[in-house]
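Coordinate inspection notes
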Amino acid sequence: ELQLWSFRENGAAAGLAPLQVAGRVASLAGSPDVCDHLDLVAAPRREREVCRALIERLGRSGAVDRLDFGPARQDSVVVMALLPEARALGLPVEIVDDEAVFQMALPASWDDYLASLSGKERHEVRRKLRRGGEAFGFEMTGGSEAAVEEFMRLFRRNRTDKAAFMDARMEGFFRSLALRLPETRVGLLRVDGALAAAVWCFDHGSTRYLYNSGYDADYSGLSVGLACKLLSIRDAIARGLGTYDFLKGNETYKRRLGGEPVPLVRSRIDLRPAGRGTV
């Protein structure tokens, strides 16, 4: 069951908690197939109040025995506010480590980015982009229908696991993202005019999130998959963005291109520990 809890203060929105409830356990709404980490939404300086209100209201409802939240970043509302409020109320809290996401701070210029890499990686980046030479053409566009069509076609092209992932239901989800979220960015890399690689990103605030990618194995000799990601980093720097987030997964290229691990955790709060009634 999907539940959207809304909290207000003097008529103004203070917080939102999108929950899914199965049996007597509530978790944050979002599938691990498409969400790397999740969080509550709270107005600045109202995080602890919103979290206390959520715990107390859920406890009084009598419908939920446990909150099972995760994964979440260390700087999330869940970790910074919800868990401390639960402890303050005397509720048992359990935290376990999850996978990490990888992100990097973006410098002011492409040359500064290259200088931040090791000598070996700097040489490899230059070599890969030089190898494509004038044959490479790259554009970063919004989530237009044409860009989405090209991405979908390429995403399914070479890997059976990606083709299976992008079934009709998942394709509908991706199309809804492009339609509803103006932050959508699709990067297309062409070789002599033919589509060879693509990235699907989101620009939110000062951060570019690398959400998914695909490439044509016929052009693997030109390292088009990696080149496309590099060019999306260069485009993010040119746009003045401050952070590039590779999201979840421990692929080697993320560290090679400058990504640093950002830990994620899962958490559990028992709303009705043994010997206690409602909150």
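Before reading on, note that the structure itself is shown above.
A brief structural summary. As the structure is a computational prediction, the values presented were derived from the model and not from experiment.

So, about the pattern of salt bridges. Considering all chains together, one arrives at 30 salt bridges under this definition. The salt bridge involving Asp68 is made with Arg66; its shortest N-O contact spans 4.0 Å. One connected set of salt bridges, linked through shared partners, spans Arg185, Asp203, Arg208, Asp235 and Arg239.

Our focus in this paragraph is helix H5 (residues 145–155). Three- or four-residue spacings in an α-helix give side chains the same orientation, since the helix completes a turn every 3.6 residues. Taken together, the buried positions of H5 are occupied by Ala147, Val148, Glu150, Phe151, Met152, Leu154 and Phe155. Considering only its buried residues, H5 is in contact with strand S7 (136–141), helix H6 (160–165), helix H7 (168–180), strand S8 (184–191), strand S9 (194–204) and strand S10 (207–215).

What follows concerns unusual backbone geometry. Of note, the bond from Gly70 into Pro71 is cis; its omega dihedral lies within 30 degrees of zero at -5°. Relative to the helices and strands, Pro71 resides in strand S5 (residues 66–73). Phi angles above zero are rare outside glycine, and Asn10 is one such case at about 55°. With respect to the helices and strands, the residue Asn10 is situated in the loop between strand S1 (2–9) and strand S2 (12–22). At Arg45, a residue that is not glycine, the phi angle is positive and equals roughly 70°.

Criteria and cut-off values
- Residues numbered from 1 in each chain as written.
- Predicted model: local features only at pLDDT ≥ 70, side-chain atom pairs only at ≥ 80, totals over all residues.
- Heavy atoms only, no water.
- Salt bridge = Lys/Arg side-chain N within 4 Å of Asp/Glu carboxyl O.
- Buried < 20%, exposed > 50% of the residue type's maximum accessible area, 1.4 Å probe, protein only.
- Helix = DSSP H or I, 4+ residues; strand = E, 2+ residues; numbered from the N terminus.
- Contact = heavy atoms within 4.5 Å.

In short, geometric facts, not functional conclusions.
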